[in-house]
Amino acid sequence: RKEVEQDPGPFNVPEGATVAFNCTYSNSASQSFFWYRQDCRKEPKLLMSVYSSGNEDGRFTAQLNRASQYISLLIRDSKLSDSATYLCVVSPYSSASKIIFGSGTRLSIRP
Amino acid sequence: GAVVSQHPSWVICKSGTSVKIECRSLDFQATTMFWYRQFPKQSLMLMATSNEGSKATYEQGVEKDKFLINHASLTLSTLTVTSAHPEDSSFYICSAPLTLAGDRNEQFFGPGTRLTVL
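Since the model is a prediction, treat every value here as computed from it, not as a measurement.

1. Things to note about the interface of chain A and chain B
With 19 residues of chain A in contact, the opposing surface of chain B contributes 18 residues. Carbon and sulfur atoms supply 57% of the area buried between chain A and chain B, which totals about 1500 Å² over both sides. A per-residue breakdown of the area chain A buries against chain B is headed by E43, K98 and F101 of chain A, which together make up 29% of the total. Joining chain A to chain B, the criterion identifies 0 salt bridges. Seen at the junction of chain A and chain B, the total is 3 residue pairs in polar contact (both at pLDDT 80 or more). For the side of chain A that touches chain B, the element with the most residues is strand β4 (residues 32-38) of chain A, which contributes 3 residues.

2. What to know about the environment of K66 of chain B
Residue and element names in this part refer to chain B. Along the chain, K66 turns up in the loop between β6 (57-58) and β7 (67-73). Judged by its relative accessible area of 12%, K66 is buried. Taking the C-alpha atoms as reference points, K66 and L79, separated by 13 residues in sequence, lie 9.8 Å from one another. A polar atom in the side chain of K66 sits 3.0 Å from the backbone oxygen of S83.

3. Quick word on the state of the cysteines
Counting across every chain of the model gives 2 disulfides over all chains. Note on cysteine connectivity: C23 of chain A is disulfide-linked to C88 of chain A, with sulfurs 2.0 Å apart. On the sign convention where negative means left-handed, the S-S torsion of about -75° between C23 of chain A and C88 of chain A marks this disulfide as left-handed. In this pair, C23 of chain A sits in strand β3 (residues 19-25) while C88 of chain A sits in strand β9 (residues 84-91), placing the two residues 65 residues apart along the sequence. A residue is classified by how much of its surface remains accessible, and C88 of chain A, at 0% relative accessible area, is buried. Bridging C23 of chain B to C94 of chain B, the disulfide has an S-S length of 2.0 Å. Across the disulfide from C23 of chain B to C94 of chain B, rotation about the S-S bond amounts to roughly 80°, and the bridge is consequently right-handed. Residue C23 of chain B is located in strand β3 (residues 19-25), and its partner C94 of chain B is located in strand β9 (residues 90-100); the two are separated by 71 residues in the primary sequence. C94 of chain B gets classed as buried once you look at its relative accessible area, which sits at 0%. C40 of chain A takes part in no disulfide bond, and the closest cysteine sulfur to it belongs to C94 of chain B, at a distance of 19 Å. Cysteine C13 of chain B remains unbridged, with the sulfur of C94 of chain B as its closest cysteine sulfur at 18 Å. For C13 of chain B, a relative accessible area of 10% corresponds to the buried category.

Reading the values: the criteria
- Residues numbered from 1 in each chain as written.
- Chains lettered and ligands numbered in written order.
- Predicted model: local features only at pLDDT ≥ 70, side-chain atom pairs only at ≥ 80, totals over all residues.
- Heavy atoms only, no water.
- Contact = heavy atoms within 4.5 Å.
- Buried area = accessible area lost by both parts, 1.4 Å probe.
- Salt bridge = Lys/Arg side-chain N within 4 Å of Asp/Glu carboxyl O.
- Polar contact = N/O pair within 3.5 Å; in protein donor to acceptor, adjacent residues only side chain to side chain.
- Helix = DSSP H or I, 4+ residues; strand = E, 2+ residues; numbered from the N terminus.
- Buried < 20%, exposed > 50% of the residue type's maximum accessible area, 1.4 Å probe, protein only.
- Disulfide = S-S within 2.5 Å.

Don't take any of this as a statement about function, it's just geometry.
This is the structure we're talking about:
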């Protein structure tokens, strides 16, 4: 079983739609959780950290369920510029060191 | 935010040659840096942890004699792909962690180096 699992997609949705990504992790001792965004041929960029209580940043909402070892990302009112690969990232430590990447979920927003 | 640079951004070389990739933290010090490799349509795979002033820690399955890592200063780590072969062609990315205000930890990535071995 992979340490971090994601639905690879691709998700192809119209502009303005709401889309949700899910991620599960196998190490119950994991401490830190993140969503990164990666554009084609570019490095990953931090989208948001995920905290135990869940958090929201504009159109993006992240949730963490430690009991189920499950992380989610919700994108509302999707824009064309949201097209990218979204990477679920987990760290077994309290710091961001040695993070484990999921395989990523590709999202394509169509006009 | 903090900046991590990589050089070169791309390189094409002949099979059998060695290629050195530099990773620099431009405005912060990093005692630890990480090297990842990403093949097309796959996720980033951690290759090794680069430790300033000591030996790197390699992930299982990564040959330490093939991928030489040197972390000579608090702002520079180098990855040398020795005797590169076509199967080593990949996107190599480095990262450095930084603790921000409020004990918030974040990983900053370099822009990556695309290696093509002919």
